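Chain residues, written in single-letter form:
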Number of protein chains: 2
Amino acid sequence: MKFEVTILGSSSATPVYNRNPTAQLLNCNEKFYLIDCGEGTQQQLIKFGIKASKIDHVFISHLHGDHYFGLIGLLSSMHLNGRTKPMKLFGPEPLLDILNLQFKHSDTILKFPIEFTAIQAEQPSLIFENNDVTVETIILNHRIPCTGFKFKEKKRLRKLLVEKLEADQVPLEYYPLLKRGVDLDLPNGSTILNTDYTTDSAEPKTYCYCSDTIADGSYLNSIQDCTVLYHEATFLHDLLERAIFTHHTTALQAAEIALNTGAGKLLIGHFSSRYKTLQPLLEEAAAVFPNTELALEGVTYLI
Amino acid sequence: MKFEVTILGSSSATPVYNRNPTAQLLNCNEKFYLIDCGEGTQQQLIKFGIKASKIDHVFISHLHGDHYFGLIGLLSSMHLNGRTKPMKLFGPEPLLDILNLQFKHSDTILKFPIEFTAIQAEQPSLIFENNDVTVETIILNHRIPCTGFKFKEKKRLRKLLVEKLEADQVPLEYYPLLKRGVDLDLPNGSTILNTDYTTDSAEPKTYCYCSDTIADGSYLNSIQDCTVLYHEATFLHDLLERAIFTHHTTALQAAEIALNTGAGKLLIGHFSSRYKTLQPLLEEAAAVFPNTELALEGVTYLI
């Protein structure tokens, strides 16, 4: 099953040339989940040849503009391009009022429904699930209410050993139960063990998205042992005081968090506009947590 | 005196690769007036090397998103970059509520004042003037209230013929009055004629900005004889029905308007995303009004 994330924006606060405000597109089994939507996200989708119409779920972490100012434009363009299928939108409660006020004054009655779920930033909770994935909030500590998101694959069904099933002439109608790990006691007294005819599926992977937050450790329980951790790393550690003052994280701190929570891999992003080159941020983090990569726009990272 | 306009965005409705939603920057005597502000305008300013801090006046024509969704991000970045000087903002009355709702939920108290003037789209009126320019509204006919803007240079003072003034030993204190076209009757009975010591300044130029509108002729009086007319030309004339239905203008109609109002030059823009190349729009307009140019992003046009 495909499980990968494409970076659409990696800048913090103000855009700089070649770095846009935060947005990411998660592909989980060819379903597309947009995570945050800074200004220019729809232009980034066009630039990278991604059809916006594929997106059916949007998750907004908080109401600082660099994480959502592109949403109204994206939704408006979907409307103008004739979208009719629903859009599931998750975000802080005032987000819907902000959108609706703008739709009202442009005299826009959307051709598609927005199915809005207001997120509370008080305790971690399951906010979405389908056949592929669950999404839980991560309660971050920022200047305004802010949540990260933990995308966890669902455990896949066991894989059938088809050749062996056919050789032993196991009836087709037994297959679905074997895939679910059920052993079958037949009327003739024999037993079909699912472990004889199936193998276990891969362990579910998790993607944790943490932006923006001070590195205060309060949310570490929520992100234990994830496959890929995206964590903001707005500053180098020589600006720790500034990071604390603005409720952000340094590259060193992001690496320590990855190390302490047993992450498989760390992606850092949300870079301050003061950094023209990003190599120093990567080096600072990789010195502590070697399997670190920069979240670079247009690049897709496997999870 | 410098009087020129730089195109920042030329797309209608939805952005397409390499064409952004509408925004233009007018430079009049090194004062900068932003006209409309579609999503991504701040990124366009960065791309073209223009400092946003120079902008002290913003004019928003109407509340369709392709004309203003970039404003909240631009103002937020100005705030984050430490701006303290006031911003004069002109636009439809609900614009301020839309901005304030978003500032409220991001917990932003702007470091600079927004001096807002609500524009009525009922009759043309003078909405701004300073030493360089007057700005009047043009009442357009679109699906929601929409105004264009007429920027008119002020008549400059007469130019002194300094060598002649010095040769005839005309006292310095007479100069300001001569520049204003006053003749001086001296106590000794002689007269100093300003036409002997000054020449007339150039005729004031005008820039008219018309987007978005149906080409119904209702606003032609407001744009008579302008030096440069920017007019939307969303469609080719084979889509006239669509233009009428959506309250837009075709390239042919824009050219007829330029011809009928005696414009010096026509700039066309607000191109539908259906047009991958713009040459057919230019050819259609130029066949009727030869002095037509496409409004191309990053290009500066003298007025």
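If you're wondering where the values come from, they're calculated on a predicted model, not measured in any experiment. (Residues numbered from 1 in each chain as written. Chains lettered and ligands numbered in written order. Predicted model: local features only at pLDDT ≥ 70, side-chain atom pairs only at ≥ 80, totals over all residues. Heavy atoms only, no water.)

Engineer: I'd love a proper account of the side chain of Ser11 of chain B, names of residues and values included.
Structural biologist: Relative to the helices and strands, Ser11 of chain B is located in the loop between β1 (3-9) and β2 (23-28). Polar contacts involving the side chain of Ser11 of chain B include one to the main-chain carbonyl oxygen of Thr14 of chain B, which spans 2.9 Å. (Helix = DSSP H or I, 4+ residues; strand = E, 2+ residues; numbered from the N terminus. Polar contact = N/O pair within 3.5 Å; in protein donor to acceptor, adjacent residues only side chain to side chain.)

Engineer: Can you lay out the relation of the copies chain A and chain B for me, pointing to particular residues and giving the numbers?
Structural biologist: Two copies of one chain are present, and they are related through a rotation about an axis combined with an axial shift. Mapping chain A onto chain B calls for a rotation angle of 180 degrees and an axial translation of 0.0 Å; the resulting RMSD is 0.1 Å. Seen this way, the second copy is the image of the first under a two-fold rotation axis. Within chain A, the C-alpha atom positioned nearest to the axis of rotation is that of Gly40 of chain A, 2.7 Å from it. Here 100% of the contact residues of chain A are again contact residues in chain B; the copies associate through an equivalent surface. (Least-squares fit on C-alpha atoms with pLDDT ≥ 70 in both. Contact = heavy atoms within 4.5 Å.)

Engineer: So what's going on with the sheet that holds strand β14 (residues 206-210) of chain A? Which residues, and what values?
Structural biologist: All names here are of chain A. Spatial ordering of the open sheet is given by β7-β8-β9-β14-β15-β16-β17, a layout of 7 strands whose pairing is mixed. Each edge of the open sheet is held by one strand with a lone partner, namely β7 (126-129) and β17 (292-294). Taken over all neighbouring pairs, the strand axes of this sheet differ in orientation by 20 degrees on average, direction set aside. Of the strand pairs in this sheet, β7 and strand β8 (residues 133-139) are connected by 3 bridges, and their pairing is antiparallel. Across the sheet, Glu129 pairs through a bridge with Thr134, a residue of β8. (Pairing = 2+ DSSP bridges. Axes fitted to C-alpha atoms, helices over the stretch in contact; angles between N-to-C directions.)

Engineer: Residues and numbers for the interface of chain A and chain B, please.
Structural biologist: With 36 residues of chain A at the interface, the matching set in chain B holds 36 residues. Note on chain A versus chain B: buried area summed over both sides is about 2800 Å², and carbon and sulfur give 65% of it. The largest share of the area that chain A buries against chain B comes from Glu39, Phe69 and His105 of chain A, three residues that together contribute 22% of it. Counting the contacts that link chain A with chain B gives 0 salt bridges. Here chain A and chain B share 12 residue pairs in polar contact (both at pLDDT 80 or more) between them. When residues of the side of chain A that touches chain B are assigned to their parent elements, the largest contribution, 6 residues, is made by helix α3 (residues 94-105) of chain A. (Buried area = accessible area lost by both parts, 1.4 Å probe. Salt bridge = Lys/Arg side-chain N within 4 Å of Asp/Glu carboxyl O.)

Engineer: Explain the packing of helix α2 (residues 71-80) of chain B against helix α3 (residues 94-105) of chain B to me, and be specific about the residues and the numbers.
Structural biologist: Residue and element names in this part refer to chain B. Interhelical geometry of α2 versus α3 gives an angle of 55 degrees and a closest axis separation of 11 Å. When the axes of α2 and α3 are compared, the pair comes out oblique. Crossing hand, α2 versus α3: right-handed. Residues Leu71, Ile72, Leu75 and Ser76 of α2 lie in contact with α3, whose contacting residues are Leu95, Leu99, Gln102 and Phe103. By residue class, the composition of the contact of α2 with α3 is 6 nonpolar, 2 polar and no charged. (Parallel < 35°, antiparallel > 145°, perpendicular 65-115°, else oblique. Left-handed = near helix turned anticlockwise from the far one by under 90°. Nonpolar A, V, L, I, M, F, W, Y, C, P; charged D, E, K, R; others polar.)

Engineer: An account of a positive patch on the surface is requested, with residue identities and associated values reported.
Structural biologist: A cluster of basic side chains, namely Lys111 of chain A together with Arg143, Arg242 and Arg274 of chain B, defines a positive patch on the protein surface. Relative to the elements of secondary structure, Arg143 of chain B occurs in the loop between β8 (133-139) and β9 (147-153). What makes Arg143 of chain B partly exposed here is its relative accessible area of 41%. (Patch = residues over 30% accessible without salt bridge, like charges linked within 9 Å, V, L, I, M, F, W, Y side chains within 5 Å. Areas by Shrake-Rupley, 256 points an atom, 1.4 Å probe, with all protein chains shown as cover. Lys, Arg positive; Asp, Glu negative; His and termini not counted. Charge placed at Lys NZ, Arg CZ, Asp CG, Glu CD. Buried < 20%, exposed > 50% of the residue type's maximum accessible area, 1.4 Å probe, protein only.)

Engineer: Quick one: what's the story with the UniProt feature "active site" (unreviewed entry) in chain A, residue by residue and with numbers?
Structural biologist: Residue and element names in this part refer to chain A. UniProt records the feature "active site" (unreviewed entry) for Asp66 in the present numbering. Its place among the elements puts Asp66 in the loop between β4 (55-59) and α2 (71-80). Exposure remark for Asp66: the relative accessible area of 10% places this residue in the buried category. Those residues within four positions of Asp66 in sequence are excluded, and the remaining contacts are Ser12, Ala13, Pro21, Thr22, Gly38 and His270. (UniProt positions renumbered as here; feature names shortened; annotations may be inferred.)

Engineer: Help me get a handle on the pairing of strand β15 (residues 228-232) of chain A, residues and values and all.
Structural biologist: Residue and element names in this part refer to chain A. Counting buried residues in β15 gives 5 out of 5 residues, a clear majority hidden from the surface. Where burial is concerned, the two faces of β15 agree: the one with Val228, Tyr230 and Glu232 and the one with Leu229 and His231 are both buried. Where β15 meets strand β16 (residues 265-269), 5 bridges bridge the pair, whose relative direction is parallel. Within the sheet, the bridge partner assigned to His231 lies in β16 and is Ile268.

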